[in-house]
Amino acid sequence: MRAVRFHSFGGPETLQLDTVPVREPGADEVVVKIHASGVNHLDIWLRIGARPGIEPPHIPGSEVAGEIVRAGEAVQNVTVGQRVAVSPWVFCGACEFCLQGEESICANGHIIGTGPNQGGYAEYITVPASIAVPIPDSLSYDAAAALTLAAITSWHMLYRRTRVQPGEWVLVQAAGSGVGVYAVQIARFLGAHVIATASTKEKLDRAQALGAEATINYGETDLVDEVKRITDGRGVDVVFEHVGEATWEQSIRSLARNGRLVTCGATTGRAGKVDIGYLYTRQQSLLGSMGGNRLDLQHVLGLAERGILNPVLDTVLPLEQAGKAHERMAARAQFGKMLLHPTE
């Protein structure tokens, strides 16, 4: 099969189109012919060597939708010919966290494309049948791939971790990102008022079209002051954070009393300062959130099928232009998900 691999850690130029064998499925595995593969910032971390345990040459990619073309003899939950999205977390099913349904923090698990297995920048991928989730007939492969890792992460953060309630205010940082475009929509679906931040008017206008009631250009306006102005001095109930060091202190300062900050990433750095006195005197909560499980994927696919969740696509590129997609993501030029097509 054709696949894009990085042969050394470094810039986008390390991504090369190769011909590699398709891995034979085990008894409980399936081979998926990939129709669309998502590009995630995680792929950049892998490429530059910021994630341990990866040895080049390696195929990145954690967001996959396609058709099952082979199945091991023990597979029962899906069949050859079925259209599926691949839930990104490979999990053991036996540890205390898996038994609680928390597959994304499995003590023995990993994300597709980040562990010993190869990822989705390819024509085929071999994965455990347990993480192959059927795609509703009305959704395209592109829509399904765009909803996997990014949308379930946003759903998990807002629905499961912070339990957003109707009438609450939610601040979505970097609303033009893959997780950001879904956070705006999910928060609105849950009945919240949404403030979206971004770096350009175009992104803010598009976030508003997705449901944001107010927007803030964080490059031109003091974020905390503007949040307080919009909320009549109160602050927001929930901050959806994933930017990291560059926005961390402002995010905390934007919270109301009893507010919750939830984060799934640290794109701009991991060093976030916390004023402990400010935190406890205002009775605020800081929450981490790691992806989501198969049920979360079923939920977001169902919301998209019903027209509630819009799979926002930025760019669709052929597989061999993966490096171009990485450059666009690093420049923070995208709004929504970028996809790769193995064949054009």
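What you see is a predicted model, and the numbers here were worked out from it, not measured in a lab. (Residues numbered from 1 in each chain as written. Predicted model: local features only at pLDDT ≥ 70, side-chain atom pairs only at ≥ 80, totals over all residues. Heavy atoms only, no water.)

**Regarding a nonpolar patch on the surface**
Taken together, the side chains of Val274, Ile276, Tyr280 and Leu286 define a hydrophobic patch exposed on the protein surface, amounting to about 400 Å² of accessible area. If you trace the backbone, Leu286 turns up in strand 15 (residues 285-288). Residue Leu286 is classed as partly exposed on the basis of its relative accessible area, which comes to 33%. (Patch = residues over 30% accessible without salt bridge, like charges linked within 9 Å, V, L, I, M, F, W, Y side chains within 5 Å. Areas by Shrake-Rupley, 256 points an atom, 1.4 Å probe, with all protein chains shown as cover. Salt bridge = Lys/Arg side-chain N within 4 Å of Asp/Glu carboxyl O. Helix = DSSP H or I, 4+ residues; strand = E, 2+ residues; numbered from the N terminus. Buried < 20%, exposed > 50% of the residue type's maximum accessible area, 1.4 Å probe, protein only.)

**Topic: helix 6 (residues 201-209)**
All of the buried residues along helix 6 are Lys203, Leu204 and Ala207. Looking down the long axis of helix 6, one finds its buried residues gathered within 100° of arc, a one-sided arrangement. Counted as exposed and oriented over 90 degrees from the buried face of helix 6: Lys201, Glu202 and Ala209. Phi turns positive, to about 130°, at Gly211, one or two residues after helix 6. (Arc of directions from axis to C-beta.)

**Observations regarding the nonpolar core**
Grouped together as the largest cluster of nonpolar side chains are 52 residues, with contacts concentrated most on Leu147, Leu158 and Tyr182. In contact with Leu147, not counting residues within four places along its chain, are Leu139, Ile152, Tyr182, Leu297, Val300, Leu301, Ala304, Leu309 and Pro311. (Core = buried A, V, L, I, M, F, W, Y, C linked by side-chain atoms within 4.5 Å. Contact = heavy atoms within 4.5 Å.)

**Comments concerning unusual backbone geometry**
Here the residue pair Pro56 and Pro57 is connected by a cis peptide bond, since its omega of 0° sits within 30 degrees of zero. The backbone of Arg332 shows a phi angle near 55°, a positive value even though the residue is not glycine. By the element assignment, Arg332 lies in the loop between helix 11 (322-330) and strand 17 (337-341). A residue is classified by how much of its surface remains accessible, and Arg332, at 40% relative accessible area, is partly exposed.

**Some remarks on the layout of surface pockets**
Of the voids in this model, the largest pocket is the one considered here, and its volume is about 1100 Å³. Along its surface, the largest pocket is lined by 41 residues, and His41, Trp45, Cys264, Gly265 and Thr267 are the ones closest to its centre. If you list the elements that add at least two residues to the lining of the largest pocket, you get helix 1 (41-48), helix 4 (149-161), helix 5 (178-189), helix 11 and strand 17. With four residues, helix 1 is the largest single contributor of residues to the lining of the largest pocket. In this structure, the second largest pocket encloses a volume near 220 Å³. Around the second largest pocket sit 14 residues that line it, and Met1, Pro21, Arg23, Ile59 and Gln118 are the ones nearest its centre. The residue inventory of the lining of the second largest pocket, partitioned by class, reads eight nonpolar, four polar and two charged. (1 Å grid on protein atoms, 1.4 Å probe; cavity = no way out; pocket = protein on both sides within 12 Å on 5 of 7 lines; lining within 4 Å. Points joined across faces, edges and corners; volume = space filled by probe spheres on them. Nonpolar A, V, L, I, M, F, W, Y, C, P; charged D, E, K, R; others polar.)

**Concerning the side chain of Ser154**
Inspection of the secondary structure assignment puts Ser154 in helix 4. If we skip the residues at most four places from it in the chain, Ser154 touches Val179, Tyr182, Ala183, Ile186 and Phe240.

**So, helix 5**
For helix 5, which comprises twelve residues, the first-to-last C-alpha distance of 17 Å matches the rise-based estimate of 16 Å (1.5 Å per residue) to within 8%. For helix 5, the tally of buried residues reaches ten of twelve residues, placing the bulk of the element in the interior. Buried within helix 5 are the following residues: Gly178, Val179, Gly180, Val181, Tyr182, Ala183, Val184, Gln185, Ile186 and Ala187. Where helix 5 ends, the next residue or the one after it, Gly191, has phi of about 95°, a positive value. (Expected span 1.5 Å × (residues − 1).)

**A look at the side chain of Thr153**
Among the structural elements, Thr153 can be located in helix 4. Once residues lying within four places of it in the same chain are set aside, the contact partners of Thr153 are Val179, Cys264 and Gly291.

**Re the sheet that holds strand 14 (residues 255-263)**
Whether parallel or antiparallel, the strands of a sheet pair through hydrogen bonds between backbone atoms. The strand order across the open sheet formed by six strands is 12-11-10-13-14-15, and the pairing between neighbours is parallel. Of all the strands in the sheet, just strand 12 (214-217) and strand 15 have a single pairing partner and so form its edges. Within the sheet, the average angular offset between the axes of one strand and its neighbour, ignoring direction, is 20°. In the sheet, strand 10 (residues 169-172) pairs with strand 13 (residues 236-241) via three bridges, with the strands oriented parallel. The residue of strand 13 that forms the bridge with Leu171 is Val239. Against the sheet, helix 7 (residues 223-230) touches strand 10, strand 11 (193-198), strand 12 and strand 13, its axis set at about 165° to strand 12. (Pairing = 2+ DSSP bridges. Axes fitted to C-alpha atoms, helices over the stretch in contact; angles between N-to-C directions.)

**Some details on the packing of aromatic side chains**
Summed over all chains, the structure comprises three aromatic pairs. Taking 5.9 Å as the distance between ring centres and 40° as the angle between the ring planes, the aromatic pair formed by Phe6 and Phe9 counts as tilted. Relative accessible area serves as the criterion here: at 0%, Phe6 is assigned to the buried category. Residue classification places Phe9 among the partly exposed residues on the basis of a relative accessible area of 38%. (Phe/Tyr/Trp six-rings, centres within 6.5 Å; stacked < 30°, edge-to-face > 60°.)

**Some points on the pattern of salt bridges**
For the coordinates displayed, the defined rule picks out 15 salt bridges. Two residues, Lys201 and Asp205, come together in a salt bridge whose shortest N-O distance is 2.7 Å. Of this pair, Lys201 and Asp205 both sit in helix 6, four residues apart, which is roughly one turn of that helix. Assessed through its relative accessible area of 37%, Asp205 is described here as partly exposed. With a shortest N-O distance of 2.7 Å, Glu226 and Arg229 are connected by a salt bridge. A residue pair is termed a helical-turn pair when its members lie 3 or 4 positions apart in one helix, as Glu226 and Arg229 do in helix 7 at three residues. Residue Arg229 is classed as exposed on the basis of its relative accessible area, which comes to 54%. Where salt bridges share partners, they join Arg2, Glu123 and Glu320 into one cluster.

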